[in-house]
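Here is how the chains run, residue by residue.
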Amino acid sequence: MSEQKNQHDAPAPEKFPEKFQALSAPKGVPDYVPPASATFIRVRDEFARQARLAGYQHIELPVFEDTALFARGVGESTDVVSKEMYTFADRGDRSVTLRPEGTAGVMRAVIEHNLDRGYLPVKLNYYGPFFRYERPQAGRYRQLQQVGVEAIGVDDPYLDAEVIALADRCYRSVGLTGFRLELTSLGDSHCRPAYREKLQEFLFALPLDSDTRRRAEINPLRVLDDKREEVRAMTADAPLMLDHLCDGCRAHFDKVTSALDAMGVPYEINPRMVRGLDYYTKTTFEFVHDGLGAQSGIGGGGRYDGLMAQIGGQDLSGIGFGLGVDRTVLALEAEGVTLDGVDSRVDVFGVAIGDEAQARMALLIDALRAAGVSADMAYGGRGLKGAMKGADRAGARFALVLGERELADGELQLKNLADHSQVAVALDAAAVIDAIAAQ
Ligand code: HAM
C-alpha cells in the first residue's frame, strides 16, 4: 500500500532532453585513446619493469591523502603546495588533497606499515596519476602520470648512482636518445644553511624587483634558476652550492659521479639546478629533452635525507625519482620513435557469416582466449567484406572464416593475413592453435 503511495507521489520523470551538449575533459587533463594509448602503456609498463629488474617492489598508493602530509612533506614555500594543490573538504569536513607527487605518500606508508624497521634500503616502485593545478600548455597537464621509485634508509652514494642509472636505462629501453642528465648536489643540513646565508648576502646587495627579493628571502636558490636575462646577468657571479659543500657532501657527490662514469651514464653538472620541491638534499638530478619546448623536464629526483623525520618517522635518508610518462610519450613523438608492435591488438580475428556460424564462432573465440590466444571477432551480422575490415583494424595476423558451407563440413578457413595463404582447419580450438603454430 505505502509502496503504491510512494510511486504515486514520486515526481514525474523529467522529459529527456532531445540532445545533450557534448562535454570535454577538464582543462589540462589528457585522454589517451587508441592507438596512442598503446604507446602510453608500453612506456609506463617498461619503466615499471626496469624498476622491478633493479629490485624495487610495487607500492599502490592512495590517490588522495590528508592535506597536512603534502604541506609538511613537499614544503609550504613551493608552488606545488602554495598554488597548485587540488584541496577540498570531504563530507566529514577533513581537508584532503589529490596527490601532487608520490614521495611524501611513500614515506607515510613506509612509516605507517613499519617497513623501515626491516631490511634497508626499502626499495619501492609506484605509478599512476598525480594532480597539479598548473597553467596548462603543451606537455604541462593538470593530471600528469609518473613512474617513480624510492630507496629508503641507506645513505650510500652507490645507491644514488643506481637510481640515476635506472632512470637513464628506463628512457633508453623505450628507444629515447635525445635527452641529457643534469646533476648537482644541494648539500645538507651541515653546509646548506651557511651557503644560503652567503647567497642571500649576495642577492640582497642586488637591485632586485620586489617579487624576486621576496623569493630571495624564502628560497634564495630559486633566484639562481630565474630565466630572465637581466636576473641571469646579475647573478652570474653568485656563490654556488657546489663550491660550498662540506667534506661529507663533497665526498658523497664525487663517489656518485665516479660511479656514473664507471657505468658509462653520461651527465652534465648544472650547479644552478633548482627543483620544484623543497625536500631535496645532496644528489639532485633532472632529465631534460630538448624536443619538448618549455616543458623539457622528462623526469627528475634526488636525495631527501630529512623528509622521513619531517613527517614524523625515524631520521632515515632516501633517494628516488619520478619519470614523466606523458612527457616521455611526447619526447618519443618528437624523436619520431614508434614502439614495435603497439598497433597489433589481437592475433586472431573471427569472421562468421550467418547466425549459426556466429554462435559457433563465439564459442571458438572464447576457447582460444581461455588457451591464452588473443582473439576477437566481428559483431553486428556484417557480410564477409565488412567483417574482414574488422580483422584488418584489429591488426590480426590470422582470420578464421566460418560460413554455412564450412560449418556443415565441421571446418573453418584459416587465413594468414600477411601472405594471404589459406588452409582448412577443423572447427576446434586445439586444431586452430596447432595450425597457427605450424605457420
Ligand atoms: P617532479 O620533478 O615534480 O618530481 O616531477 C617529476 C616529473 O613529472 C617531471 O620531470 C615531469 O616529467 C613530470 N611532470 C611534473 N609536472 C608535470 C605536469 N604538470 N605535466 C606533465 N608532466 C609533469 C616529483 O614529483 C618527485 N616526487 C620525484 C621524486 C621522487 N624525487 C624523489 N623521489
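Given the structure is predicted, the values throughout are model-derived calculations rather than measurements.

The rules we used
Residues numbered from 1 in each chain as written. Predicted model: local features only at pLDDT ≥ 70, side-chain atom pairs only at ≥ 80, totals over all residues. Heavy atoms only, no water. Helix = DSSP H or I, 4+ residues; strand = E, 2+ residues; numbered from the N terminus. Rg over C-alpha atoms; globule rule 2.2 N^0.38 Å. Buried < 20%, exposed > 50% of the residue type's maximum accessible area, 1.4 Å probe, protein only. Contact = heavy atoms within 4.5 Å. Pairing = 2+ DSSP bridges. Axes fitted to C-alpha atoms, helices over the stretch in contact; angles between N-to-C directions. Domains from an automatic or database assignment. 1 Å grid on protein atoms, 1.4 Å probe; cavity = no way out; pocket = protein on both sides within 12 Å on 5 of 7 lines; lining within 4 Å. Points joined across faces, edges and corners; volume = space filled by probe spheres on them. Left-handed = near helix turned anticlockwise from the far one by under 90°. Nonpolar A, V, L, I, M, F, W, Y, C, P; charged D, E, K, R; others polar. Near = heavy atom within 4 Å. Polar contact = N/O pair within 3.5 Å; in protein donor to acceptor, adjacent residues only side chain to side chain. Areas by Shrake-Rupley, 256 points an atom, 1.4 Å probe, with all protein chains shown as cover. Arc of directions from axis to C-beta. pLDDT = per-residue confidence, 0-100. Parallel < 35°, antiparallel > 145°, perpendicular 65-115°, else oblique.

Undergrad: Sorry if this is basic, but what is going on with the overall build of the protein here?
TA: Scanning the protein from terminus to terminus reveals 17 helices and 16 strands. Against the globule reference of 22 Å for 439 residues, the protein gives a C-alpha radius of gyration of 29 Å, more extended than a compact globule. For the protein, the C-alpha atoms occupy an extent of roughly 90 × 70 × 50 Å along the three principal directions. Put simply, the protein has 439 residues, and 48% of those count as buried. In the protein, the proportion of contacts linking residues at least 24 apart, taken out of those at least 6 apart, comes to 69%.

Undergrad: What exactly am I supposed to notice about the pairing of strand S4 (residues 95-98) here?
TA: Both faces of the sheet carry side chains from a regular strand, because those side chains alternate between them. Examined bridge by bridge, strand S2 (residues 64-66) and S4 share 3 bridges and lie antiparallel to one another. Paired with Asp 66 across the two strands is Val 96, which belongs to S4. Alignment of strand S3 (residues 86-89) against S4, held across 4 bridges, turns out to be antiparallel. Paired with Ala 89 across the strands is Ser 95, a residue of S4. Adjacent in sequence and paired antiparallel, S3 and S4 are bridged by 5 residues, among which Asp 93 carries a positive phi angle near 65 degrees.

Undergrad: Would you explain the sheet that holds strand S12 (residues 348-352) in this entry?
TA: Think of a sheet as strands paired side by side through backbone hydrogen bonds, with each pair either parallel or antiparallel. Strand order across the open sheet formed by 5 strands is S13-S12-S14-S15-S16, with mixed pairing between neighbours. The outermost strands of the open sheet, each flanked by one partner alone, are strand S13 (375-377) and strand S16 (422-426). Strand after strand, the sheet turns through a mean of 25 degrees between neighbouring axes, direction not considered. When S12 meets S13, the two strands line up parallel, connected through 3 bridges. Bridging across to S13, Phe 349 finds its partner in Asp 376. Contacting S12, S13, strand S14 (398-402) and strand S15 (411-416), helix H14 (residues 355-370) crosses the sheet at an angle of about 165 degrees to S13.

Undergrad: Can you walk me through the domain arrangement of the protein in this structure?
TA: Accessible area lost during the coming together of the parts is what is often quoted as the interface size. Under the domain assignment, the protein is made up of domain 1 (36-191 + 245-335) and domain 2 (348-438). Computed over C-alpha atoms only, the centres of domain 1 and domain 2 are separated by 47 Å.

Undergrad: Quick question: what am I supposed to make of the sheet that holds S2 here?
TA: The strand order S2-S4-S3 describes an open sheet built from 3 strands, whose pairing is antiparallel. Each edge of the sheet is formed by a strand with only one pairing partner; in this case those strands are S2 and S3. Averaged over all pairs of adjacent strands, the angle between strand axes in this sheet comes to 30 degrees, irrespective of strand direction. Lying over the sheet, helix H3 (residues 67-74) contacts S2, S3 and S4, oriented at roughly 80 degrees with respect to S2.

Undergrad: Could you clarify how one ought to interpret the layout of surface pockets in this entry?
TA: Where empty space is left becomes clear once a probe the size of a water molecule has been rolled over the atoms. Approximately 580 Å³ is the volume found for the second largest pocket. Around the second largest pocket sit 29 residues that line it, and Arg 192, Asp 278, Tyr 279, Tyr 280 and Thr 281 are the ones nearest its centre. Of all the secondary structure elements, the ones that give two or more residues to the lining of the second largest pocket are H3, helix H7 (192-204), helix H9 (221-224), strand S9 (281-289) and helix H12 (307-310). In terms of residue count, the dominant contributor to the lining of the second largest pocket is H7 (3 residues).

Undergrad: Is there a simple way to think about the packing of H14 against helix H17 (residues 429-437) in this case?
TA: Axis separation between H14 and H17 bottoms out at 9 Å; the angle between their running directions is 65 degrees. Crossing of H14 against H17: the hand is right-handed. Only Ala 429, Val 432 and Ile 433 of H17 make contact with H14, whose side of the interface consists of Leu 364, Ala 367 and Leu 368. Grouping the constituent residues of the contact of H14 with H17 by class yields 6 nonpolar, no polar and no charged.

Undergrad: What should I look at first to understand the site of the ligand in this one?
TA: Lining the immediate surroundings of the ligand are 27 residues, of which Glu 101, Glu 134, Tyr 141, Tyr 280 and Gly 297 lie closest. The separation between a nitrogen atom of the ligand and a polar main-chain atom of Tyr 141 is 2.8 Å. Considering the ligand on its own, with 660 Å² of exposed area, one finds that the protein chains cover 96% of that surface. Contributing elements (two or more residues each) for the shell around the ligand: strand S6 (143-152), strand S10 (297-303) and strand S11 (318-324). With 6 residues, S10 is the single largest residue contributor to the shell around the ligand. Split by residue class, the shell around the ligand holds 9 nonpolar, 11 polar and 7 charged.

Undergrad: What should I look at first to understand the environment of Val 33 in this one?
TA: Tracing the backbone shows Val 33 in the loop between helix H1 (2-9) and helix H2 (36-53). Between the alpha carbons of Val 33 and Gly 300 there is a distance of 27 Å; along the sequence they are 267 residues apart.

Undergrad: When you look at the pairing of S6 in this model, what are you seeing that I'm missing?
TA: Here S6 lies mainly inside the structure; 9 of its 10 residues are buried. Judged from the 7 bridges that link them, S6 and S11 form a sheet pairing that is antiparallel. Each residue of the ladder has a partner; that of Gln 146, found in S11, is Gly 324.

Undergrad: Please explain H17 as it appears in this structure.
TA: Helical geometry note: an α-helix holds 3.6 residues per turn, so side chains three or four residues apart project in the same direction. Looking only at H17, the buried set comprises Ala 429, Val 432, Ala 435 and Ile 436. Buried residues of H17, viewed axially, fall in a sector of 125 degrees; they line one side. Across from the buried face of H17, at angles greater than 90 degrees, the exposed residues are Asp 434 and Ala 437. The inward-facing, buried residues of H17 abut S12, H14, S14, S15 and S16. Between the side-chain oxygen at the start of H17 and the backbone nitrogen of Ala 430 there is a gap of 3.2 Å, and the oxygen is on Asp 428.

Undergrad: Looking at this structure, how should I read the confidence of the model for the protein?
TA: As a general rule, the predicted coordinates of low-pLDDT regions are not to be interpreted in detail. Here the protein averages 93 in pLDDT, and 95% of its residues register 70 or above. Across residues 1-8, where pLDDT falls below 50, the model places 0 contacts with residues more than four positions away in sequence or in other chains.

Undergrad: Please explain the packing of H7 against helix H8 (residues 210-218) as it appears in this structure.
TA: Each pair of packed helices can be summarised by the angle the axes make with each other and by the distance between the axes. With their axes 9 Å apart at the nearest point, H7 and H8 run at an angle of 165 degrees to one another. When the axes of H7 and H8 are compared, the pair comes out roughly antiparallel. Remark: the crossing between H7 and H8 carries left-handed chirality. Residue-level inspection shows Arg 196, Gln 200, Leu 203 and Phe 204 of H7 in contact with H8, the latter providing Arg 213, Ala 216, Glu 217 and Ile 218. Per-class residue counts for the contact of H7 with H8 are 4 nonpolar, 1 polar and 3 charged.

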